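Fold and geometry: a report
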Amino acid sequence: MDTNTFPIKLNTYFFVKQSIEANPNFDDTKTSNIKNEVSSFLRQNDQENKYYCTVLLDINEEESDNFPYKYSIEIFGVFSIQNKSNNNLHMEMIRDQGTMLLIGAMREKIANATA
């Protein structure tokens, strides 16, 4: 494996759920305090060198103040590892870097929907 190659490959992803609604009580003259809840779930398919990651992102309405949008988004990604060496390390990489890659796609989806 080339040392310059990122070891995780995102094969595909899709949005399972996406709900974004304007908050009619939002006041753009006040400061917003937004608290998010993020959950991720991992699965593995050894035979195909595939790792499945689901990430859920929700606004915590009870702990947030003056938020412009209510949202709940779920994304599912399929990853593969370029180097088959250490399975525990692979799951850790998918949990950390894979989740962050999917959150980036979620961020883009929210930005496009609320622009």
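What you are looking at is a predicted structure, and each value in this text was computed from that prediction instead of being measured.

Turning next to a negative patch on the surface. Where like charges cluster on the molecular surface, the negative patch consists of E21, E37, E61, E62 and E63. Within the fold, E37 resides in strand β2 (residues 36-45). Looking at E37, the relative accessible area reads 42%, which means it is partly exposed.

This part is about unusual backbone geometry. Phi is positive for N66, close to 50°, though the residue is something other than glycine. Take N66: it is sitting in the loop between β3 (50-59) and β4 (69-81).

A separate point is the sheet that holds strand β1 (residues 8-22). Reading across the sheet, the four strands line up as β1-β4-β3-β2 and stay open at both edges, with antiparallel pairing between neighbours. Single-partner strands in this sheet number two, and they are β1 and β2. Going from strand to strand, the sheet's axes swing by 10° on average, the running direction of each strand aside. With 13 bridges connecting them, β1 and β4 associate as antiparallel partners. Following the sheet pairing, E21 is matched in β4 by K70.

All right, on to the confidence of the model for the protein then. For the protein, the mean per-residue pLDDT works out to 89, and 93% of the residues sit at or above 70. Here helix α1 (residues 87-114) is the element of the protein with the lowest mean pLDDT, 89, and β1 is the one with the highest, 95.

Taken as a whole, this structure holds one salt bridge when the rule is applied. Close ionic contact of R95 with D96 constitutes a salt bridge, the shortest N to O distance being 3.1 Å. Exposure remark for R95: the relative accessible area of 41% places this residue in the partly exposed category. Under the relative-accessibility criterion, D96 is labelled partly exposed at 33%.

Here is what the cut-offs are and how they apply
Residues numbered from 1 in each chain as written. Predicted model: local features only at pLDDT ≥ 70, side-chain atom pairs only at ≥ 80, totals over all residues. Heavy atoms only, no water. Patch = residues over 30% accessible without salt bridge, like charges linked within 9 Å, V, L, I, M, F, W, Y side chains within 5 Å. Areas by Shrake-Rupley, 256 points an atom, 1.4 Å probe, with all protein chains shown as cover. Salt bridge = Lys/Arg side-chain N within 4 Å of Asp/Glu carboxyl O. Lys, Arg positive; Asp, Glu negative; His and termini not counted. Charge placed at Lys NZ, Arg CZ, Asp CG, Glu CD. Helix = DSSP H or I, 4+ residues; strand = E, 2+ residues; numbered from the N terminus. Buried < 20%, exposed > 50% of the residue type's maximum accessible area, 1.4 Å probe, protein only. Pairing = 2+ DSSP bridges. Axes fitted to C-alpha atoms, helices over the stretch in contact; angles between N-to-C directions. pLDDT = per-residue confidence, 0-100.

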